[in-house]
Each structure stands twice: as structure tokens, then as C-alpha cells.
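Here are the chains, one letter per residue:
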Amino acid sequence: MTVKTPGFESMLAGLVNLPSVSSTRAELDQGNLNVIHTLANWVGSLGFTTEVIPLPDKPGKGNLIARLGSGDGGLVLAGHTDTVPFDANLWQSDPLTLKATDDAWFGLGACDMKGFFPLAIEAASAFRAEDLKALLTIVATSDEESSMAGARLLAERSELKATGTIIGEPTGLTPVFAHKGIMMLSIHLQGSSGHSSDPGLGNNALDAMYAVMGELIALRTELAKAHRNPAFHVQVPTLNLGCLRAGDNPNRICGHAELQIDLRLLPGMDVEFIEATLRERVERVAAEYGTPCTITQFYPPIPPFATDPNGELVQCLTSLSARAPCSVGFGTEGPFFQTLGMETVIFGPGSIDQAHQPNEFLSRKQVAEGKEILTRCIERFCFRG
Ligand SMILES: [Zn+2]
């Protein structure tokens, strides 16, 4: 079949050139429909039917579902279209203009993970709809880097069906079968200020926070005793006390305190139960100190993710890549795709070490190898021959 899309490099250059930052900071947040419509055009020219699904309450944002062929089973190739914000002055070239060298392509999102789309499109371009025994689907999501709103919407709508999903996050072409869940919370304690010379003139929020921190450290120890998974580099769940802001002056009783924490939970741990336990214990300590407490989430938690390392797709990618499956420390859209009943594996070109960094790049070697592996996977799961 004649390839009707631009080549890999032009497609990547086009995507890098379309800004699509997603951020929890409203002043940095951008839409992604520019990327979604560009991808829809390219896959449309290969015979895919395309559906753009707007994100409710998020103007300028949406997901793409593109389908080729028909039949039960099949494969989903999925990725996110957004990037993190960037510091242009730390880049050696313009982050939004693709720079090609002998070994690699440099640009914002080249590695995490706009580069996966031209790779998937090039792999798909070898197949015609009539030669497929099962559906081949390409999915592009919104807001992975901020709220995972795109993947959450896909999980709610539950229209995607396939035997397996490959999420092309940068794993160095190593199949990833598990990652931890992530929950970030902010704990506010309200005390009351007064002159420091007489503690009775106020209620010190930092004294209360000191006790709350003790309770959290005790909870962390209990969780680490109760849960362990040798598939992870850090085998126990973690609870990081990340940021403390409190008071204003040494000679005032501290009137308010805020602590920000990050929890990383193992597959099998119940995120809602852990959050409820944490809330109950923090609120009890805060009540003992008479400091009203509010606990808020930065965004809804990302559940832990794990699939069977002996599953069909993990094993297929293991043998094609000749790399043993492993777990990673970063969160992905994996758990949301998995709720749709598909065997979900994280597998894509490039290294997570380059993601979210100035001078982010994707190596030519990984792209060539990745394209070959994806082509074989489509053959295996979708091709009639
Ligand atoms: Zn990513």
C-alpha cells in the first residue's frame, strides 16, 4: 500500500510545532484539539474512521478514537497529546521546532510522547482495512500530564474494546506491567494568631501540624509493614512530606499551616480506603489540638496499575523486544484503559529520563526498533494473514 501520510520526521515536526501544554495552573494550560485534528487527518488518509470526543467543561480539549478494520479482539495503540510546561531559556534550541541530528530528534514532547503517534501511524500504514481480522484502534488523549481527564472520560464512556492496549509512554521499549498509584493531598490547619509572649493568646497551628506529621509518619510505617511488592525498586508504599508552609513571623503564634504530601501506593491497595483512613487520623489529631482541618486533593488519585506479566501482550512485547518486563515508578493512563477489560501494557520508545526535561529527545534507533515491534504486534493481533 502506498503511504499517504507525511514521513515520520515531518509528522513529528508538525506535532512538536503545535503547543499543547496541560497544567494544573490555569495560566499555563492550553488546548490540544490542534494535535487531535492533525492526527485525525493523517489516520483518516490511511482509511481509519475518526471520532473526536470533546472533554466536557474543558473547551479546546478532546480525545481522538480512530478505528481501522473490524472484528472482535484487536489492538489499541494509545498515547497522550499534551506536554508539560517548559523553560524555553534552558533549551539549546526552540522547544517547539523539531531539531534533527544524526542520532535523535529534539523537541518538546518528542519523547513524552508525541513521537509515539507518527510511529504508530507508520506501523499502521502497512495494513489495509480489508486485510484485518480484528479492529486496530489508535487513541489520543488529553490532559494526561495534569488531571488524566481524557483517559477518565474514555473509561466512563467504555466504548473501547480490544484484546490488548499498548500505551506508548517512554519505557525504552521495555514492556511495563505495573506501576504505583499516586495521590497528592494538601492538609490545612487553622489555628489562631497572637503575641508569642503568651501562648494562651492564640492556638498554634504549627504545634498541631507537628502532631499531624507524627501521625502521618506512623501511618507510613504501618503501611510499609503491611504491604510489600518485590516487583518494585522501592518495594513498599511511600508517603512523602513534601512541602510545609506556615505562619509569618517568629514573634506571632502560628495562625495557619499547610502541609502537602504525596502517597505512592502498590497494586492491590485500595486508594479510597487509604485516603479515608488518613483523613480520619489527621482529623482526630487536629480536633485534639482544636485546629479545624481541611484536606484537599490536588487532582483525583491515579490508581495503581498491574497486569499479569505472563499475559499474551506482555509476552508478545517481551519476545519482540528481547527485554524482560518490569515495573516503573511513574503513573500512566494504564489503570483507566485496564478498567475497560483490555490487557494493558506500557511500552514505547525513548527514556523517561528525558521526559519533562529541557532538550528532550527521541533516539532514531528506538524509533526504528519501535516501528518494527509495533508492526509485528499489529500483525499478531489484527492481521488476517
Ligand atoms: Zn507521558
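Here the structure is a predicted model, which means the values were calculated and not measured.

## Thoughts on the nonpolar core
Ranked by size, the top nonpolar core spans 77 residues in total, and within it Ala120, Ala124 and Ile378 carry the most contacts. For Ile378, the residues in contact, after removing those within four places along its chain, are Leu75, Ala123, Ala124, Phe127, Leu136 and Phe383. Ranked by size, the runner-up nonpolar core spans 25 residues in total, among them Leu185, Ala205, Leu263 and Val282.

## Observations regarding the sheet that holds strand E4 (residues 99–100)
Strand order across the open sheet formed by three strands is E4-E5-E16, with antiparallel pairing between neighbours. Among the strands making up the open sheet, the edge pair consists of E4 and strand E16 (361–363). For strand E5 (residues 104–106) and E16, the ladder comprises three bridges, and the chain directions are antiparallel. Residue pairing in the sheet places Trp105 in a bridge with Leu362 of E16. Here helix H10 (residues 364–382) sits on the sheet in contact with E5 and E16, set at roughly 60 degrees to E16.

## Here's the deal with the domain arrangement of the protein chain
Split into domains, the protein chain comes out as domain 1 (8–179 + 304–382) and domain 2 (181–297). The straight-line distance from the C-alpha centre of domain 1 to that of domain 2 is 36 Å. With seven residues of domain 1 in contact, the opposing surface of domain 2 contributes nine residues.

## Notes on the pairing of strand E9 (residues 181–190)
Of the two faces of E9, the one lined by Gly181, Met183, Leu185, Ile187 and Leu189 is fully buried and the one lined by Ile182, Met184, Ser186, His188 and Gln190 carries no buried residue. When E9 meets strand E11 (residues 256–265), the two strands line up antiparallel, connected through 10 bridges. Bridge assignment links Met183 to a residue of E11, and that residue is Leu263. Bridge analysis of E9 against strand E12 (residues 293–297) gives five bridges, and the strand direction is antiparallel. Paired with Ser186 across the two strands is Thr296, which belongs to E12.

## A few points about the pairing of strand E6 (residues 136–141)
Burial of E6 is extensive: six of the six residues sit out of reach of the surface. Side chains Leu136, Ile138 and Ala140 of E6 all project onto a buried face; the interleaved residues Thr137, Val139 and Thr141 project onto the opposite face, where all are buried too. Direction of pairing for strand E2 (residues 62–68) relative to E6: antiparallel, over a ladder of five bridges. Bridge pairing in E6 places Leu64 opposite Ala140. In this structure, strand E3 (residues 75–80) lies alongside E6, joined through six bridges in parallel fashion. If you follow Gly79 over to E6, its bridge partner there is Ala140.

## Re helix H2 (residues 33–45)
Structurally, the α-helix is built with 3.6 residues per turn, so residues lying three or four positions apart point the same way. Here H2 contains 13 residues, and its C-alpha end-to-end distance of 18 Å stays within 8% of the 18 Å for a straight helix at 1.5 Å per residue. All of the buried residues along H2 are Leu33, Val35, Ile36, Leu39, Ala40, Trp42 and Val43. Residues of H2 that are buried sit in contact with helix H1 (8–16), strand E1 (49–54), E2, helix H4 (116–124) and E6.

## Structural notes on H10
Under the 1.5 Å per step criterion, the end-to-end length of H10 is 26 Å for 19 residues, consistent within 8% with the ideal 27 Å. Turning to H10, its buried residues number three or more, namely Gln366, Val367, Gly370, Ile373, Leu374, Cys377, Ile378, Phe381 and Cys382. Angular distribution of buried residues about the axis of H10 spans 145 degrees; they occupy a single face of the element.

## Things to note about the packing of helix H6 (residues 205–226) against helix H7 (residues 271–288)
Look at H6 against H7: their axes get within 9 Å of each other, and the N-to-C directions meet at 150 degrees. With respect to each other, H6 and H7 are oriented roughly antiparallel. For the pair H6 and H7, the sense of crossing is right-handed. Every residue of H7 that contacts H6 at Ala208, Ala211, Val212, Glu215 and Leu219 is listed here: Leu278, Arg281, Val282, Val285 and Ala286.

## With respect to the environment of Ser351
Structurally, Ser351 can be placed in the loop between strand E15 (343–346) and E16. For Ser351, a count of 17 C-beta atoms within 10 Å translates into the label partly exposed. Sequence-wise, Ser351 and Leu12 are 339 residues apart; in three dimensions their C-alpha atoms are separated by 17 Å. Excluding residues that lie within four positions of it along the chain, Ser351 makes contacts with Cys111, Pro170 and Gly172.

## Quick notes on the sheet that holds E12
Pairing is antiparallel across the open sheet formed by four strands, whose spatial order is E10-E11-E9-E12. Strands at the two margins of the open sheet, each flanked by one partner only, are strand E10 (238–246) and E12. Neighbour-to-neighbour, the strand axes of the sheet open up by a mean angle of 20 degrees, direction not taken into account. Bridge analysis of E10 against E11 gives eight bridges, and the strand direction is antiparallel. What sits directly across from Arg245, in E11, is Glu258. Across the sheet, H6 is in contact with E9, E10 and E11; its angle to E10 comes to roughly 170 degrees.

## Observations regarding the environment of Glu27
Note that Glu27 resides in the loop between H1 and H2. Glu27 gets classed as exposed once you count the C-beta atoms within 10 Å, which come to 6.

## Observations concerning unusual backbone geometry
Put simply, Asp112 and Met113 share a cis peptide bond, and its omega is -15 degrees. Looking at the element boundaries, Met113 is found in helix H3 (residues 110–114). Here Leu173, not a glycine, exhibits a phi torsion of approximately 60 degrees, which is positive. Among the residues examined, Leu173 registers 22 C-beta atoms within 10 Å and is labelled buried.

What counts, and at which threshold
Residues numbered from 1 in each chain as written. Predicted model: local features only at pLDDT ≥ 70, side-chain atom pairs only at ≥ 80, totals over all residues. Core = buried A, V, L, I, M, F, W, Y, C linked by C-beta atoms within 7 Å. Buried ≥ 20, exposed ≤ 12 C-beta atoms within 10 Å, placed from the backbone. Contact = placed C-beta atoms within 7 Å. Pairing = 2+ DSSP bridges. Helix = DSSP H or I, 4+ residues; strand = E, 2+ residues; numbered from the N terminus. Axes fitted to C-alpha atoms, helices over the stretch in contact; angles between N-to-C directions. Domains from an automatic or database assignment. Expected span 1.5 Å × (residues − 1). Arc of directions from axis to C-beta. Parallel < 35°, antiparallel > 145°, perpendicular 65-115°, else oblique. Left-handed = near helix turned anticlockwise from the far one by under 90°.

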